[in-house]
Amino acid sequence: VCSLLVLLPPARERRCTPMVFFICETTNECIKKPKVEAHMRKHPNAWVFCCMDCGARFEGEAYKEHTSCMSEAQRYEGKFYVPKENKGEKKQQSWMESVLAALEAAPAASAGLKSYVDRLTQYDNLPRKKA
């Protein structure tokens with residue numbers, strides 16, 4: 001059932017609200033993620049759902065964990081898909097490198113400040129902007 005070819009909603013709907021769609025294995029209906037719970041109440045035997053995009057199968061409430069799997073470009077371009085560079089990640093990495101370089105070049109700081117900065121650098125997303 002997960003491999004069924006199901007028609008997608010019009011492109012204008014997909015563009016406005018990116019949404020994960022599931023196929024109910026019991027009723028073979030295409031359901032938007034927010035409507036799955038109501039569908040389960042309406043059809044008590046319906047508890048297995050497949051993602052329309054990636055074909056992953058979910059039992060019970062496991063579908064709630066599935067927020068995204070592939071982009072529209074990945075789906076339609078197939079083997080010709082080339083992922084775009086994540087500019088935000090590149091900027092963040094550059095910022096982290098400059099912060100660490102400044103810390104190493106700075107004169108010895110107090111132990112309290114050093115421990116605070118060490119704790120901050122453990123986070124993936126160190127803020128770049130002033131508060």
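Here the structure is shown first, and the text comes after it.
Because the structure is a prediction, the values reported are computed rather than measured.

Colleague: I'm lost on the pairing of strand β3 (residues 48–51) in this one. Help?
Modeller: On a regular strand, one side chain projects to one face of the sheet and the next to the other, so that they alternate. Neither face of β3 is left uncovered, since the one carrying Val48 and Cys50 and the one carrying Phe49 and Cys51 both have all their residues buried. Sheet topology note: the strand β1 (residues 21–24)/β3 ladder contains 3 bridges and is antiparallel. Opposite Cys24, over in β3, you have Phe49 as the bridge partner. The pairing of β3 with strand β4 (residues 57–59) spans 3 bridges and is classified as antiparallel. Paired with Phe49 across the bridge in β4 is Phe58.

Colleague: Explain the pattern of salt bridges here, please?
Modeller: Should their charged atoms come close, side chains of opposite charge can pair. All told, the structure shown has 5 salt bridges when counted by the stated rule. Of the charged contacts, one joins Arg57 and Glu25 as a salt bridge, the two residues approaching to 3.0 Å between their closest N and O atoms. Of this pair, Arg57 sits in strand β4 while Glu25 sits in the loop between β1 and β2 (30–32); the two residues are 32 residues apart in sequence, bridging distant segments of the chain. One continuous salt-bridge network, built from bridges that share partners, spans Glu37, Arg41, Glu61 and Lys64.

Colleague: How should I be thinking about the packing of aromatic side chains in this particular structure?
Modeller: Working definition: an aromatic ring pair is given by the centre-to-centre distance plus the angle between the planes. Evaluation of the coordinates by the stated rule reveals 3 aromatic pairs. An aromatic cluster is built from Phe22, Phe49, Phe58 and Tyr63, whose rings are joined through pairwise contacts.

Each value, and the rule that gives it
- Along each chain, numbering runs from 1 in the same order as the chain's sequence is written.
- Totals for whole chains, interfaces and linings use every residue, but because this is a predicted model, local features are given only for residues with pLDDT of at least 70 and side-chain atom pairs only at 80 or more, for both listing and counting.
- In computing side-chain properties, one takes all heavy atoms of the structure into account and sets aside hydrogens as well as water.
- Exposure classes here rest on a 1.4 Å probe applied to the protein chains alone. A residue is buried below 20% of its type maximum, exposed above 50%, and partly exposed in between.
- Secondary structure elements follow DSSP: runs of H or I no shorter than four residues count as helices, runs of E no shorter than two count as strands, and numbering proceeds from the N terminus.
- Strands pair, by our definition, only if DSSP identifies at least two bridges between them.
- Criterion for a salt bridge: a side-chain nitrogen of Lys or Arg within 4 Å of a carboxyl oxygen of Asp or Glu.
- Classification of ring pairs uses Phe, Tyr and Trp, with its six-membered ring standing for Trp, and accepts pairs whose centres are within 6.5 Å; under 30 degrees between planes counts as stacked, over 60 as edge-to-face, and the remaining range as tilted.

In short, the description is geometric, and any link to function would need to be established separately.
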